[in-house]
Amino acid sequence: MPAPGTIEVHMDLRNPPPMYFVQGPVSIVTAGQLCAYCAKPSMTGLQKCSGCHRVKYCSKECQKKDWPYIHKTMCKQWKQINELNKAIPMFWPGFGPNDDRTQRQNAYKIRREQARRTCGPLSKAFELSLLIALLNSDEIKCANCWKTPFETEKYAGLKHTCSECRFAWWCSDECYSVKETFHPADVCQGIGQRAALQHLDVAVSVGRRKMLTSLQVPTLQTVKKHTPLSSLSGWDEYAAILDPSFSTRIASLAQTYAQIHGDVDKALRTMAFDHKAIPMTILATLEELYPDIATRQKLKVHLIGAGPREATIDEEMESILHFLPALKELHVAYIGPRIENVMLSAVIDSACTRPPKDAACHHCQAQGRGFFRYRHTEFYHDYVNEAAASNGAASPDLCVLINSGFSEEATATWLTTLDWLIAKGKAPILCTQFTITEAKKEQAYFDGREDVQVLTRMEKNKWGSPRDILRQDERVITDGTAGRNSHYRLVVQGKK
Ligand SMILES: [Zn+2]
Ligand SMILES: [Zn+2]
Ligand SMILES: [Zn+2]
Ligand SMILES: [Zn+2]
Ligand SMILES: [Zn+2]
């Protein structure tokens, strides 16, 4: 007998269903766009489980196989969660389409808490499955009043679906008539992009292919002549002018995945530019700060408070070397406690007593050019104190705080680092932010400090990621606008 709240899984390890190779939340499944067993995509025509109404199957066969495998247990839990939807309604008489959204958000939170309690501790298998999507509040609900199809006595689907993103629903004609309020064009586009990316993620996991590796490494050899990023209008020109081989690769991948989603080409570009956002933001800032950048031979960058996000694009950082043909050495240090358990793909000398192995591609190495990476798992202020004493590693050309958002979580350690950077650091500090709200707060923070000189005022970052990471319900924290990796940026420096 399994303990209450745990999930019994009958896993045939030799033959697990494709769906269980999928990592992470998959709201496209709860939205009924994929078969919950074999992960075959379909916009229409999938058969729903008549017990829980939460998952769909492409065939009787898939449904039959999934039942003993996991759905027998999950179905029961989904039904309990559906009951909760009735008990804590999002939509009650007098609660019209234009009513307070915060109130609705709160009701939704309570419901999610209850769902968590009902399900008990989640087993690994359950986590891989679909419940997580619900707990992340990515489920089918009216985009206007947040009513779910499970609130009614007898299950009834939502009446309208967005024909553009196919990922927004409205419960009634009344809610549909005010569609624009919470589902304007840019929100629709962001949601559609999330869905397309999920379809792509699923296809890649199910195919057990390495995660589109070819889009994640620097995609070009060193350019012949330096082209300032400031001369380009953005990612489309980047792909067309600076890196044509990259466009070719996207086009061929798009062909491979063409069956998956109508917007797979766009999704692939989004995914690829997402990986390039940090290096290109850094390069653009270096160009702005140093007019002699095209002839520089050595550059040092510190990524402060670095974590998994910075680590996943570590190879991509070599792009900076590739876009600056005169550059002989690029040194990038990843510094922060969160980098500890993250494997960077090359050996990194954290003792900092001798240069680490050159991690540059063989073309660069053949030309005697080097790309050196360092990893330090201390807080930055501790690191610089030690490093300054040993080998002068504390004097980079640029300090980078990716998605700093420090005004949100100004912990003591964080402020110690910031104070050090301003009082003792010699380098300019690039801060990037997810949202305009964060960017405004940080700008106000620096404006309020007399020891800070603002070199570039807060602005939308041309080289920020095009990947919209906010879920529909999270948009309330940004007044409905998008949240993206390094969406905004500003550059400051301590007054000397
Ligand atoms: Zn199927
Ligand atoms: Zn079911
Ligand atoms: Zn509604
Ligand atoms: Zn839409
Ligand atoms: Zn190279």
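Keep in mind the model is a prediction, meaning the values are calculated, not measured.

Rules used throughout
- Residues numbered from 1 in each chain as written.
- Chains lettered and ligands numbered in written order.
- Predicted model: local features only at pLDDT ≥ 70, side-chain atom pairs only at ≥ 80, totals over all residues.
- Helix = DSSP H or I, 4+ residues; strand = E, 2+ residues; numbered from the N terminus.
- Buried ≥ 20, exposed ≤ 12 C-beta atoms within 10 Å, placed from the backbone.
- Contact = placed C-beta atoms within 7 Å.
- Core = buried A, V, L, I, M, F, W, Y, C linked by C-beta atoms within 7 Å.
- Domains from an automatic or database assignment.
- Pairing = 2+ DSSP bridges.
- Axes fitted to C-alpha atoms, helices over the stretch in contact; angles between N-to-C directions.
- Expected span 1.5 Å × (residues − 1).
- Bend = angle between axes of the 7 residues up to and from the residue.
- Parallel < 35°, antiparallel > 145°, perpendicular 65-115°, else oblique.
- Nonpolar A, V, L, I, M, F, W, Y, C, P; charged D, E, K, R; others polar.

### Looking at the overall build of the protein
- Regarding its fold elements, the protein presents 17 helices and eleven strands.
- Per-residue burial for the protein yields a buried fraction of 42% across its 496 residues.
- The long-range fraction of contacts in the protein, counting pairs at least 24 apart against all pairs at least 6 apart in sequence, stands at 74%.

### Thoughts on the nonpolar core
- Among the nonpolar cores identified, the biggest contains 96 residues, and Leu200, Ile282, Leu303 and Val400 are the most heavily contacted of them.
- Top element by residues in this core is helix α11 (residues 264–289). It accounts for twelve residues.
- Shared between two domains, this core holds at least three residues of each, these being domain 1 (18–204) and domain 2 (276–494).
- The residues contacting Ile282, other than those within four sequence positions of it, are Val301, Ile320, Leu398, Val400 and Leu430.
- Among the nonpolar cores identified, the runner-up in size contains five residues, and Tyr69, Met74, Trp78 and Ile81 belong to it.

### Focus: the environment of Glu318
- One can find Glu318 in the loop between α12 (308–312) and α13 (319–323).
- Residue class for Glu318 comes out buried when judged on the 22 C-beta atoms lying within 10 Å of it.
- Separated by twelve residues in the primary sequence, Glu318 and Leu330 have C-alpha atoms spaced 8.0 Å apart.

### Considerations on the sheet that holds strand β9 (residues 429–433)
- The seven strands lie next to each other as β7-β6-β5-β8-β9-β11-β10, forming an open sheet whose pairing is mixed. One side of each edge strand has no neighbouring strand; the edge strands of this open sheet are β7 (370–376) and β10 (452–460). Put simply, the sheet's adjacent strands are angled 20° from each other on average, direction ignored.
- Summarising the sheet, β9 and strand β11 (residues 488–494) pair through five bridges and their orientation is antiparallel. For Cys431, the partnering residue across the bridge sits in β11 and is Leu490.
- Relative to β11, helix α16 (residues 412–423) is tilted by about 60°, and along the sheet it contacts β5 (298–304), β8 (398–401), β9, β10 and β11.
- Seen against the sheet, helix α17 (residues 436–447) touches β9, β10 and β11 and runs at an angle of roughly 165° to β10.

### Thoughts on α11
- Taking 1.5 Å as the rise per residue, α11 with 26 residues should run 38 Å; its terminal C-alpha atoms sit 37 Å apart, in good agreement.
- Approximately 45° is the largest bend angle found in α11, and it occurs at Ala277, with the proline Pro279 only one to four residues beyond.
- Of all 26 residues in α11, 20 are buried, a share of seventy percent or more.

### Quick look at the packing of helix α8 (residues 185–206) against α11
- Running from N to C, α8 and α11 point in directions that differ by 90°, and their axes come no closer than 9 Å. If you check the angle between α8 and α11, you find them roughly perpendicular. Each of Gln193, Ala196, Leu197 and Leu200 in α8 lies in contact with α11, whose residues at this interface are Val264, Lys266, Ala267, Leu268, Thr270 and Met271.
- Among the residues forming the contact of α8 with α11, the class breakdown is seven nonpolar, two polar and one charged.

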